[in-house]
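Breakdown of the fold
Here's the letter readout for the chains.
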Amino acid sequence: MASVELYDEAGNKLQVAPGKTVSMEMPAPAGSNNEIPLWHFNETYGLWIQAGIATKNGNVFVAEVNHFFYLEY
């Protein structure tokens, strides 16, 4: 599993702007599945919710996201 958190030079946590998406790539280990789920932890309900899929493209997983997720390899 990987957690994605990005920070600016001043240490402020970054997030995707409302209404926007970004393309995200993560290394795809040899022999991995062609798709992996993207998860979001809903703190209000204390539940993990599947929020999308990353698709393997060569040696990377690619996903279009509107916020950052946990990836389950």
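Residues numbered from 1 in each chain as written. Predicted model: local features only at pLDDT ≥ 70, side-chain atom pairs only at ≥ 80, totals over all residues. Heavy atoms only, no water.

**Section: the overall build of the protein**
The number of helices and strands found in the protein is zero helices and eight strands. Counting from the amino terminus, helix and strand elements in the protein follow one another as β-β-β-β-β-β-β-β. In terms of overall dimensions, the protein has a C-alpha envelope of 35 × 30 × 20 Å along the principal axes. Each of the 73 residues in the protein was classed as buried or not, and the buried ones make up 26%. Counting every atom, the protein has about 5200 Å² of accessible surface; 50% of that belongs to carbon and sulfur. (Helix = DSSP H or I, 4+ residues; strand = E, 2+ residues; numbered from the N terminus. Buried < 20%, exposed > 50% of the residue type's maximum accessible area, 1.4 Å probe, protein only. Areas by Shrake-Rupley, 256 points an atom, 1.4 Å probe, with all protein chains shown as cover.)

**What to know about the nonpolar core**
With 11 residues, the main nonpolar core is built from A2, V4, M24, M26, A28, I36, L38, A54, F61, A63 and V65. Ranked by residue count, the leading element in this core is strand β7 (residues 60–65), at three residues. (Core = buried A, V, L, I, M, F, W, Y, C linked by side-chain atoms within 4.5 Å.)

**Looking at the pairing of β7**
Pairing of strand β4 (residues 22–27) with β7 involves six bridges; the strand directions are antiparallel. The residue bridging M24 from the neighbouring strand is A63, located in β7. Relative to β7, strand β6 (residues 47–57) runs antiparallel, the two being bridged by three bridges. Paired with T55 across the bridge in β7 is V62. Taking the residues that link successive antiparallel strands as the turn, the β6-β7 hairpin has two residues, and the phi of G58 there is positive, at about 70°. (Pairing = 2+ DSSP bridges.)

**Comments concerning the side chain of S32**
Note that S32 resides in the loop between β4 and β5 (35–42). Within the structure, S32 has its side chain in polar contact with the backbone oxygen of P29 (distance 2.8 Å). Contacts of S32, omitting those with residues within four sequence positions, involve K56 and F61. (Polar contact = N/O pair within 3.5 Å; in protein donor to acceptor, adjacent residues only side chain to side chain. Contact = heavy atoms within 4.5 Å.)

**Looking at the confidence of the model for the protein**
Looking at the protein as a whole, its pLDDT mean stands at 85, while 90% of the residues score no less than 70. At the level of individual helices and strands, the protein shows its lowest average pLDDT in strand β8 (residues 70–71), which scores 52, and its highest in β7, which scores 92. (pLDDT = per-residue confidence, 0-100.)

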